Amino acid sequence: MKRKGILIVVSGFSGTGKGTLMKELVRTYDNYALSVSMTTRKPRPGEEEGKEYFFVSEEEFIKKVREDGLVEYANYCGNFYGTPREYVERQLEKGKDVILEIEIQGALKVREKFPTALLMFVMPPNAAELKKRLEGRGTESEAVIAERISRAAVEAEGIEKYDFLVINDNLEECTARMHALVQAAHSMPVRNPELIDEMRRQLEALR
Ligand code: 5GP
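A brief structural summary.

The rules behind the values
Residues numbered from 1 in each chain as written. Predicted model: local features only at pLDDT ≥ 70, side-chain atom pairs only at ≥ 80, totals over all residues. Heavy atoms only, no water. Near = heavy atom within 4 Å. Polar contact = N/O pair within 3.5 Å; in protein donor to acceptor, adjacent residues only side chain to side chain. Areas by Shrake-Rupley, 256 points an atom, 1.4 Å probe, with all protein chains shown as cover. 1 Å grid on protein atoms, 1.4 Å probe; cavity = no way out; pocket = protein on both sides within 12 Å on 5 of 7 lines; lining within 4 Å. Sits in = over half its atoms within 2 Å of the grid points. Helix = DSSP H or I, 4+ residues; strand = E, 2+ residues; numbered from the N terminus. Nonpolar A, V, L, I, M, F, W, Y, C, P; charged D, E, K, R; others polar. Patch = residues over 30% accessible without salt bridge, like charges linked within 9 Å, V, L, I, M, F, W, Y side chains within 5 Å. Salt bridge = Lys/Arg side-chain N within 4 Å of Asp/Glu carboxyl O. Lys, Arg positive; Asp, Glu negative; His and termini not counted. Charge placed at Lys NZ, Arg CZ, Asp CG, Glu CD. Buried < 20%, exposed > 50% of the residue type's maximum accessible area, 1.4 Å probe, protein only. Core = buried A, V, L, I, M, F, W, Y, C linked by side-chain atoms within 4.5 Å. Contact = heavy atoms within 4.5 Å. Phe/Tyr/Trp six-rings, centres within 6.5 Å; stacked < 30°, edge-to-face > 60°. Points joined across faces, edges and corners; volume = space filled by probe spheres on them.

1. Things to note about the site of the ligand
If you check the shell around the ligand, you find 17 residues, and the closest are Ser37, Arg41, Tyr53, Tyr81 and Glu103. Note that an oxygen atom of the ligand is positioned 2.6 Å from one of the side-chain N or O atoms of Arg41. Note that an oxygen atom of the ligand is positioned 3.0 Å from one of the backbone N or O atoms of Gly82. Protein chains bury 96% of the 510 Å² of accessible surface belonging to the ligand in isolation. With respect to the pocket detection grid, the ligand is positioned in the largest pocket. Counting residues per element, the ones that place at least two in the shell around the ligand are β5 (70-76) and β6 (79-84). Of the residues in the shell around the ligand, the class split is five nonpolar, five polar and seven charged.

Okay, structure coming up:
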């Protein structure tokens, strides 16, 4: 029986390094597909259309929402972010584990719509490291950094709603740990109803 893809939601405070972590996961292992979100935020220097995000106007974003073209969307620090539906559905059908790197409001909406989604929260080793990473990016103003840090404090309130917590201390080790957790999630009965039904049918036929 073909293994079904899992919808994997990865959240973490801005500056945790989860973007780099997800790229490493996709590069190292075969079975992942990384969803590219749509946003009304302006591109940062170095960001490319269609790679980090699809950068759109507010009108285009609202149009997509009206067409029911997004799995979920949220407003984060004044900008809209959303997950295009078509890519996600196509990759899941192919058996890929699809990664959505999204913030907590979106994560909880995904859980409502897809009860077997796997929710993972990535944390930096400590809060001082977070501030250092945000400042080190050199692309954000002091006001934006302060806003993202206070947003992190709000997001920290919801961490218990996630299935797993991963500390991003070392890129390779953290990537391997996340992959191991996804493999474990594949083995949970809740994600294998067809396999269980098939076994029950076969047992019944033997009686
Ligand atoms: P950034 O502006 O730093 O790229 O992203 C800000 C926040 O928005 C991050 O927490 C990121 O995970 C989240 N985000 C990115 N794409 C989406 C999306 O499609 N939906 C939701 N709900 N959040 C997103």
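2. Let's talk about a negative patch on the surface
Together, Glu49, Glu58, Glu59 and Glu60 line one region of the surface with negative charge. With respect to the element layout, Glu60 can be found in helix α2 (residues 58-66).

3. Brief notes about the pattern of salt bridges
It is possible for side chains bearing opposite charge to pair when their charged atoms get close. Tallying each qualifying case throughout the model produces 19 salt bridges. Among the salt bridges present, the one from Arg111 reaches Asp163, with a minimum N-O distance of 2.9 Å. Note that Arg111 is positioned in helix α4 (residues 104-113) and Asp163 in the loop between α6 (142-156) and β9 (164-167), a separation of 52 residues in sequence. Judged by its relative accessible area of 26%, Arg111 falls in the partly exposed class. Arg201 is the partner of Glu198 in a salt bridge, and the nearest nitrogen-oxygen pair spans 3.0 Å. Highlighted residues: Glu198 and Arg201, both in helix α8 (residues 193-206), separated by three residues, approximately one helical turn. When salt bridges with common partners are traced through the structure, they connect Arg41, Arg44 and Glu47 into a single cluster.

4. Side note on the nonpolar core
In this structure, Leu7, Val9, Val88, Val98, Leu100 and Val110 are the most contacted members of the largest nonpolar core, which totals 20 residues. When residues of this core are traced back to their parent elements, those giving at least two are β1 (7-12), α3 (85-93), β7 (97-101), α4 and β8 (118-123). When residues in this core are grouped by element, the largest group, three residues, is from α4. In contact with Leu7, other than residues within four places in its own chain, are Val88, Leu92, Val98, Leu100, Val110, Phe114, Ala117 and Leu118. If you look at the next biggest cluster of nonpolar residues, it comprises 16 residues, including Ile6, Val122, Cys174 and Ala185.

5. Side note on the packing of aromatic side chains
By the definition in use, this model includes eight aromatic pairs. An angle of 20° between the planes, with centres 5.3 Å apart, marks the rings of Phe61 and Phe80 as stacked. Placement of the pair is Phe61 in helix α2 and Phe80 in strand β6, with a sequence separation of 19 residues. Connected via pairs of aromatic rings, a cluster forms that spans Tyr53, Phe55, Tyr76 and Tyr81.

6. A closer look at the layout of surface pockets
Approximately 1000 Å³ is the volume found for the largest pocket. Taken together, 37 residues make up the lining of the largest pocket; nearest its centre are Lys18, Gly19, Tyr53, Glu101 and Arg137. Listed by contribution, the elements that provide at least two residues to the lining of the largest pocket are β1, α1 (18-28), β5, β6, α5 (127-137) and α6. The greatest single-element share of the lining of the largest pocket, amounting to five residues, is contributed by α1. Among the residues making up the lining of the largest pocket, the classes are represented as ten nonpolar, twelve polar and 15 charged. In this structure, the second largest pocket occupies an estimated 520 Å³ of space. Lining the second largest pocket are 21 residues, and of these Arg3, Lys4, Gly5, Arg191 and Pro193 lie nearest its centre. Of all elements in the fold, only α3 and α8 reach the threshold of two or more residues within the lining of the second largest pocket. Of the residues in the lining of the second largest pocket, the class split is nine nonpolar, five polar and seven charged.

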